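# Fold and geometry: a report
Now for the letters of each chain:
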Amino acid sequence: NPYRPLLGKTALVTAGPTYEPIDPVRFLGNYSSGRQGYAIAESLRDAGADVTLVSGPVSMMPPENIRVIHIQTAQEMLDTCLKIIPVDIAVMAAAVADWRAKEVSDKKIKKTSDAKTPSFELTTNPDILATISQENSCRPRLVVGFAAETNDLLDNADAKRKRKNCDWIVVNDVNPDTKIMGGVENEVTILSSSGKQHFKRADKREIGRLLTKEIIKFFNH
Ligand code: C5P
């Protein structure tokens with residue numbers, strides 16, 4: 001079907017930040033809006049794919065005709081993704097927190113009169129992209145990761161692609177002056193083992209459509 005070239009394909013997309021609790025009212029998080037991941041999920045849906053979107057806490061409307069699963073933490077995102085695979089396509093656009101508090105207080109941490117500043121020990125979260133990419137029995141045919149970088153963009157991202165064993169890495173520059181993280185536009189380079197392709201600054205929905213076109217080409221070869 002020329003209008004729905006991904007008909008019959010399944011896709012998993014992750015989007016948004018993760019929130020890692022410190023106590024019942026506080027968390028570690030980041031500025032991800034989920035906008036790029038939601039846009040990719042929508043463009044894959046429009047191309048005919050059966051899409052499941054695993055979303056961290058965002059203020060985006062749940063898109064129509066996409067299964068949306070809401071999670072809070074990286075561990076919940078990983079557990080959910082492992083239940084969803086096997087899929088044909090995995091696009092991991094979430095800004096997963098790298099660390100979480102080693103111990104979560106079950107009571108609100110109080111600011112006491114003796115004014116001792118609390119300190120938190122952190123522990124490392126599982127890497128969802130690497131876990132999915134290194135699945136032997138049910139690795140998606142195409143695994144796409146994202147790399148939010150502030151310096152040495154292409155070198156850092158290519159090292160990441162190799163380390164995490166994903167097929168493509170979509171690199172974006174998240175220096176605050178680019179207004180990309182949390183913003184409505186993106187400018188990306190897609191890196192694969194066969195080279196790189198740059199897409200000029202555009203609305204995140206347009207970037208989603210361009211990435212989907214590349215995914216369609218991948219499956220037509
Ligand atoms: O290492 P870094 O966080 O820069 O890698 C970014 C890519 O890895 C993104 O695709 C992100 O969704 C994924 N990631 C992940 N699990 C983590 C950290 C990052 O899936 N714990």
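Residues numbered from 1 in each chain as written. Predicted model: local features only at pLDDT ≥ 70, side-chain atom pairs only at ≥ 80, totals over all residues.

The name given to the chain in an unreviewed UniProt entry is Coenzyme A biosynthesis bifunctional protein CoaBC, with the source organism recorded as Commensalibacter communis.

### Quick word on the overall build of the chain
Note the threshold: Numbering of helices and strands starts at the N terminus; helices are DSSP runs of H or I of at least 4 residues and strands are runs of E of at least 2. Note that the radius of gyration is over C-alpha atoms, with the globule rule given as 2.2 Å times the number of residues to the power 0.38. With C-beta atoms placed from the backbone, the exposure class of a residue follows from how many other C-beta atoms lie within 10 Å of its own: 20 or more, buried; 12 or fewer, exposed; in between, partly exposed. Each residue gets a C-beta atom placed from its backbone, and two residues are in contact if those atoms lie within 7 Å.
Summing up its helical and strand segments, the chain has five helices and twelve strands in all. Relative to a compact globule of 221 residues, whose C-alpha radius of gyration would be 17 Å, the chain shows 18 Å and is just as compact. On the principal axes, the C-alpha backbone points of the chain span a range of 70 × 35 × 35 Å. Taking all 221 residues of the chain together, the buried fraction comes to 37%. Residue pairs in contact within the chain that sit at least 24 positions apart in sequence constitute 64% of those at least 6 positions apart.

### A few points about the site of the ligand
Spelled out, the test is: A residue counts as near a molecule or strand when its C-beta atom, positioned from the backbone, falls within 6 Å of it. Three classes are used, and their members are as follows: Ala, Val, Leu, Ile, Met, Phe, Trp, Tyr, Cys and Pro are nonpolar, Asp, Glu, Lys and Arg are charged, and the others, Gly among them, are polar.
Around the ligand, the structure places 14 residues, and the nearest of them are Met 92, Val 96, Ile 128, Leu 129 and Gly 145. Broken down by secondary-structure element, the contributors of at least two residues to the shell around the ligand are α3 (128–133) and β9 (142–149). Element by element, the count of residues in the shell around the ligand is highest for β9, at three residues. Here the residues of the shell around the ligand are counted per class, giving eight nonpolar, three polar and three charged.

### Section: the pairing of strand β6 (residues 89–92)
Quick note on the threshold: Paired strands, in this sense, are two strands between which DSSP finds at least two bridges.
Burial along β6 is two-sided: the face carrying Ile 89 and Val 91 and the face carrying Ala 90 and Met 92 are both buried. Across four bridges, strand β1 (residues 10–15) lies against β6 in parallel orientation. Bridging from a neighbouring strand, Val 13 pairs with Val 91 of β6. Taken together, the four bridges between β6 and β9 define a ladder with parallel strand orientation.

### Considering the UniProt feature "binding site: CTP" (unreviewed entry) in the chain
Condition: UniProt positions are given in the numbering used here, feature names are shortened, and annotations may be inferred rather than shown by experiment.
Following the UniProt record, the feature "binding site: CTP" (unreviewed entry) maps to Asp 98, Lys 108, Pro 126, Asp 127, Ile 128, Leu 129, Phe 146, Lys 160 and Lys 164 here. With the annotated positions falling across 67 residues, the maximum pairwise C-alpha distance of 37.4 Å shows that they are not confined to a single cluster. For Phe 146, the location among the structural elements is in strand β9. Phe 146 sits in the buried class, given 25 other C-beta atoms within 10 Å. When residues no more than four places from it in sequence are discounted, the contact partners of Phe 146 are Met 92, Ala 93 and Val 170.

### Describing the environment of Pro 17
Inspection of the secondary structure assignment puts Pro 17 in the loop between β1 and β2 (20–23). Between the C-alpha atom of Pro 17 and that of Ala 115, which follows or precedes it by 98 residues, the distance is 31 Å. If near-sequence neighbours (up to four positions away) are discounted, Pro 17 is found in contact with Gly 29, Asn 30, Ser 32, Gly 56, Pro 57 and Ala 95.

### Topic: the sheet that holds strand β12 (residues 195–203)
Where we set the bar: The angle between two axes is taken between their N-to-C directions and runs from 0 to 180 degrees, where each axis is a line fitted to C-alpha atoms and a helix contributes only its stretch in contact.
The eight strands lie next to each other as β5-β4-β1-β6-β9-β10-β11-β12, forming an open sheet whose pairing is mixed. The two strands at the open ends of the sheet, each matched to only one other strand, are β5 (67–70) and β12. Strand-to-strand, the axes of this sheet are offset by a mean angle of 15°, without reference to chain direction. Along the sheet, helix α5 (residues 204–220) makes contact with β6, β9, β10 (168–173), β11 (185–192) and β12, crossing β12 at roughly 150°.

### Here we look at the pairing of β1
The element β1 is largely enclosed, with a buried count of five among its six residues. Bridge analysis of β1 against strand β4 (residues 50–55) gives six bridges, and the strand direction is parallel. Residue Thr 14 lies in a different strand from β4, and its bridge partner there is Val 54.

### Some words on the packing of helix α1 (residues 35–46) against α5
Cut-off, in case you're wondering: The labels follow the angle: roughly parallel below 35 degrees, roughly antiparallel above 145, roughly perpendicular from 65 to 115, and oblique for the rest. Here a crossing is taken to be left-handed if its near helix is turned anticlockwise relative to the far helix by less than a right angle, and right-handed if that turn runs clockwise.
In contact at an axis separation of 8 Å, α1 and α5 are set at 50° when each is read in the N-to-C sense. Between α1 and α5, the angle falls in the class oblique. You can see that α1 and α5 cross each other, and the crossing is right-handed. Contacts between α1 and α5 involve Arg 35, Gln 36, Ala 39, Ile 40, Glu 42, Ser 43 and Leu 44 from the former and Lys 204, Arg 205, Ile 207, Gly 208, Arg 209, Leu 211 and Thr 212 from the latter. Here the residues of the contact of α1 with α5 sort into five nonpolar, four polar and five charged.

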